[in-house]
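Structure assessment
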Amino acid sequence: MNEAAATEGGGGGGGGGGAAPASAAAAAAPATPGAQPAAPAAPATVMGKGAAPAEWSVPEKYAVKNGEEIDWQATARKIDEGRSHLEKRFGAGDVPPTDVAGYKLALPEAHAQALAGWDLAADEKLQGFVAGAHELGFTQKQLDHVLGAYANMAVEAQGAAAVKPEQEAEKAATALREVWKDDAEFDKNVGLAFAAGQKLANKLGVPFDDFNEALGNNPMFLRLAAALAPEMHEDTPAGTQAGVAEAQDFDAQVATLRAEKDALPEKDNARRQAVQDKINALYAKRYPSQV
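Residues numbered from 1 in each chain as written. Predicted model: local features only at pLDDT ≥ 70, side-chain atom pairs only at ≥ 80, totals over all residues. Heavy atoms only, no water.

Looking at the nonpolar core
How we decide: To qualify as a nonpolar core, a set must consist of buried Ala, Val, Leu, Ile, Met, Phe, Trp, Tyr and Cys residues joined through side-chain atoms within 4.5 Å. To sort residues, take the accessible area from a 1.4 Å probe on protein chains only and compare it with the maximum for the residue type: under 20% means buried, over 50% means exposed, and anything in between is partly exposed.
In this structure, Phe194, Phe250, Val254, Ile279 and Tyr283 are the most contacted members of the largest nonpolar core, which totals 26 residues. Ranked by size, the runner-up nonpolar core spans eleven residues in total, among them Leu120, Val130, Ala133 and Leu147.

Considerations on a negative patch on the surface
Just so we agree on the cut-off: Two joining distances apply to patches: 9 Å for like charges and 5 Å for nonpolar side chains (Val, Leu, Ile, Met, Phe, Trp, Tyr), and every residue must have over 30% relative accessible area and no salt bridge. Surface accessibility in these figures is a Shrake-Rupley result with a 1.4 Å probe; residues are shielded only by whichever protein chains are displayed. The term salt bridge refers to a pairing of a side-chain nitrogen on Lys or Arg with a carboxyl oxygen on Asp or Glu at a separation within 4 Å. Under this rule, positive means Lys or Arg and negative means Asp or Glu; His and the chain ends count for nothing. Taken as the charge location is NZ of Lys, CZ of Arg, CG of Asp or CD of Glu. Secondary structure elements are defined from DSSP: runs of H or I of at least 4 residues count as helices, runs of E of at least 2 residues count as strands, and each element is numbered from the N terminus.
A surface patch of like charges, here negative, comprises Glu166, Glu170, Asp262 and Glu266. For Glu266, the position within the fold is in the loop between α9 (241-263) and α10 (269-286).

Remarks on the packing of aromatic side chains
So the rule is basically this: Only rings of Phe, Tyr and Trp enter the pairing, Trp through its six-membered ring, and a pair is recorded when the two centres are within 6.5 Å. The plane angle decides the type: under 30 degrees is stacked, over 60 is edge-to-face, the rest tilted.
Enumeration over the complete set of coordinates arrives at five aromatic pairs. Seen in terms of ring centroids, Phe194 and Phe208 are 5.0 Å apart; in terms of plane orientation they differ by 80 degrees. Their pairing is edge-to-face. On the criterion of sequence distance, the pair formed by Phe194 in helix α6 (residues 183-204) and Phe208 in helix α7 (residues 208-215) is long-range, its members being 14 residues apart. When sorted by exposure, Phe194 lands in the same class as Phe208, which is buried. Taken together, a centroid distance of 5.4 Å and an interplanar angle of 65 degrees make the contact between Phe194 and Tyr283 edge-to-face. Taken together, the positions of Phe194 in helix α6 and Tyr283 in helix α10 put the pair 89 residues apart, joining distant regions of the chain. Given a relative accessible area of 6%, Phe194 falls into the buried group. Aromatic ring contacts, followed pair by pair, group Phe194, Phe208 and Tyr283 into a single cluster.

Here we look at the pattern of salt bridges
Using the criterion set out here, one finds three salt bridges in the structure. A salt bridge links Glu60 to Lys65; its shortest N-O distance comes to 3.9 Å. In this structure, Asp268 and Arg271 form a salt bridge, with 3.2 Å as the shortest nitrogen-oxygen distance.

Looking at the environment of Ala255
This is how the line gets drawn: Should any heavy atoms of two residues lie within 4.5 Å, those residues are counted as being in contact.
Following the sequence through the fold, Ala255 ends up in helix α9. For Ala255 and Phe186, which are 69 residues apart along the polypeptide, the C-alpha to C-alpha distance reads 9.1 Å. With near-sequence residues (within four places) excluded, Ala255 lies in contact with Asp187 and Gly191.

Looking at α6
In plain terms, the rule: To estimate how far a helix should extend, the number of its residues minus one is multiplied by 1.5 Å.
Between its first and last C-alpha, α6 extends 31 Å over 22 residues, near the 32 Å set by a 1.5 Å rise per residue. Every buried residue of α6 is listed here: Phe186, Asn189, Gly191, Leu192, Ala193, Phe194, Ala195, Ala196, Gly197, Lys199 and Ala201. Positive backbone phi, at 75 degrees, marks Gly205, one or two positions downstream of α6.

See below:
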């Protein structure tokens, strides 16, 4: 009887009645085979920092499980694959500079000569673009790629603009040489066409450069202008041998100078203008009333 009472009293937790405290129950509970014991909750003290670290965790999307257990080697490989993918997309440590001044602006070496006149630092539009690129998080490598692509397009556009008039002139000359067979006849008629073109532009009240740009490579117009030119030399005495010889000499000089000018590069403005001044002087001397 006393033993039974003692047993009942012990089950009541020392006479307090009810269930044993949870901490006591947890301490008394047998450990699950193979399970790690839970780390005690450490108070927020310096001493508490010495508690065993919590078990390593991994984001669910990277966890590779073998049944209920996590395969840590496979998980580590999957995490590394994700890191490699991010490096390919965003670069390995390549970040934008702290400010716009941190970018290094330079033309690709392949186009440095063709775009030698482009001052990147003084180009306000380019500087505005670079500022926008910095706001978008461009790295130096990304900015270099964009500038390189732009340089390619600029050089191609520049080349197209420079070649197109020359190609048109060559095509027109080829067509005219089917009519004006030898060089002497070709040069003479081109000179006559030029003289007539200047007079026609003057009569129309338009700048000769605009007139020449519109019709200077039109074979049919050049043939028409060359045919009309002799009738438009009002200042030349008609029917005189001296007048004819003078007109032919004038036309030959002009044609020679025109050919010399056309052979010069488009960018060589100084030499082209010098030749044009000679042509203008010839016309001023021959047609003083038109100056």
